[in-house]
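Observations on chain architecture
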Amino acid sequence: MATKDRVDFWFDPFCPWAWITSRWVLEAQQVRDIDLTFHLMCLAILNEGDLPPQLDDPNIEKKVWAPVRVAKAAEVTVGGDVLTPLYTALGSRIHHAGNKSFGDLLKNDFDAIIKEALAEVGLPAVLADAATSTEYDAALRESTFEGTDVPGAIPGTPTIHVNGVAYFGPVLSRIPRGEEAGKLWDAVVTLASHEHFWEIKRDQPKDLRPEVV
C-alpha cells in the first residue's frame, strides 16, 4: 500500500525558481499522495550582508521584502492555511506578467499586486501595510532558518523537506504537468529516501530563463 509523502516547502514569493517548483509539486499532488505544507523564507534574510549586485538598491530591496512580509503577516494573523492560496494569488501576478528576465520582474507594481492578491483571497486590505513594516521580520527570520538550519539543507529558495529529508531545489525551468509531474516526483522521493545520496546537479545554460506559464 502506497504511503503519503510528507513535504514541507519553503519559499519566497519573489523567487521565480521557487514558483516553478511549487507549481510542479502542486501538479504532482494531483496524481500522487502528497501532504504539502508551505512555509516562508526570505531571500533578503538569507543574503543579508551579501545581496546580489542587482538588489543593491533600496528601492529594489523594498520590492524583495514586500510580498514575503505581507505573506508572513497573513500567516501570523489568519493562520498557515492561508499561505497556499495567497502564494498562488501573489505568484500568478508576480511571475505570469510576461516576465522573461530579472529586470522585467522588478518592473512589477508590487503595491498593486499585493492589494489585488489580498482581495482575491478575501484577506483584510490592511495587511498590505506589512510590506514596509519590520513587525514580522523576526518571525520571518525564525521561519527561514527552520527550513535551512537542518542537516542536508543549503540556504536557498526553494528548500523542501521530503519525508523529513532536507534539500535545496529541485530547480526547474518549466512546470511539469500531469503524469510527467508525478514521475518526476517519484524520482525525487526515491533519491530522498536513499541514505547515501546527497547531490545531483548540472550547469545552468547562460541564456536559461524560467518559463512560468
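Everything in this summary refers to the structure shown in the same document. All values derive from a computational prediction rather than experimental measurement.

Take the packing of helix H4 (residues 83–95) against helix H6 (residues 110–121) next. One way to put it is that H4 packs onto H6 with a least axis distance of 9 Å and a crossing angle of 145 degrees. Where H4 crosses over H6, the two elements pack in a sense that is right-handed. Within the contact between the two elements, H4 uses Pro-85, Leu-86, Ala-89, Leu-90, Arg-93 and Ile-94 and H6 uses Phe-110, Ile-113, Ile-114, Glu-116, Ala-117, Leu-118, Glu-120 and Val-121.

We now examine the nonpolar core. Core analysis: the largest hydrophobic core is formed by 60 residues, its most contacted members being Trp-24, Leu-36, Phe-38, Leu-86 and Trp-185. When neighbours within four sequence positions are excluded, Leu-86 is seen to be in contact with Ala-71, Ala-74, Ala-117, Leu-118, Val-121 and Leu-123.

Right, let's talk about the pattern of salt bridges for a bit. For the structure on display, the rule yields ten salt bridges. For Lys-4, the salt bridge is made with Asp-33, and the minimal N-O distance between the two is 3.7 Å. Within this pair, whereas Lys-4 is found in the segment before strand S1 (5–11), its partner Asp-33 is found in the loop between helix H1 (16–29) and strand S2 (34–40), the two being separated by 29 residues in sequence. Residue Arg-32 pairs with Glu-179 through a salt bridge whose shortest N-O separation is 2.7 Å. Here Arg-32, found in the loop between H1 and S2, pairs with Glu-179, found in helix H8 (residues 178–192); they are 147 residues apart in sequence, far enough to count as distant. Among the residues examined, Glu-179 registers a relative accessible area of 40% and is labelled partly exposed. By sharing partners, the salt bridges in this structure join Arg-6, Asp-8 and Asp-35 into a single network.

Rules used throughout
- Residues numbered from 1 in each chain as written.
- Predicted model: local features only at pLDDT ≥ 70, side-chain atom pairs only at ≥ 80, totals over all residues.
- Heavy atoms only, no water.
- Axes fitted to C-alpha atoms, helices over the stretch in contact; angles between N-to-C directions.
- Helix = DSSP H or I, 4+ residues; strand = E, 2+ residues; numbered from the N terminus.
- Left-handed = near helix turned anticlockwise from the far one by under 90°.
- Contact = heavy atoms within 4.5 Å.
- Core = buried A, V, L, I, M, F, W, Y, C linked by side-chain atoms within 4.5 Å.
- Buried < 20%, exposed > 50% of the residue type's maximum accessible area, 1.4 Å probe, protein only.
- Salt bridge = Lys/Arg side-chain N within 4 Å of Asp/Glu carboxyl O.

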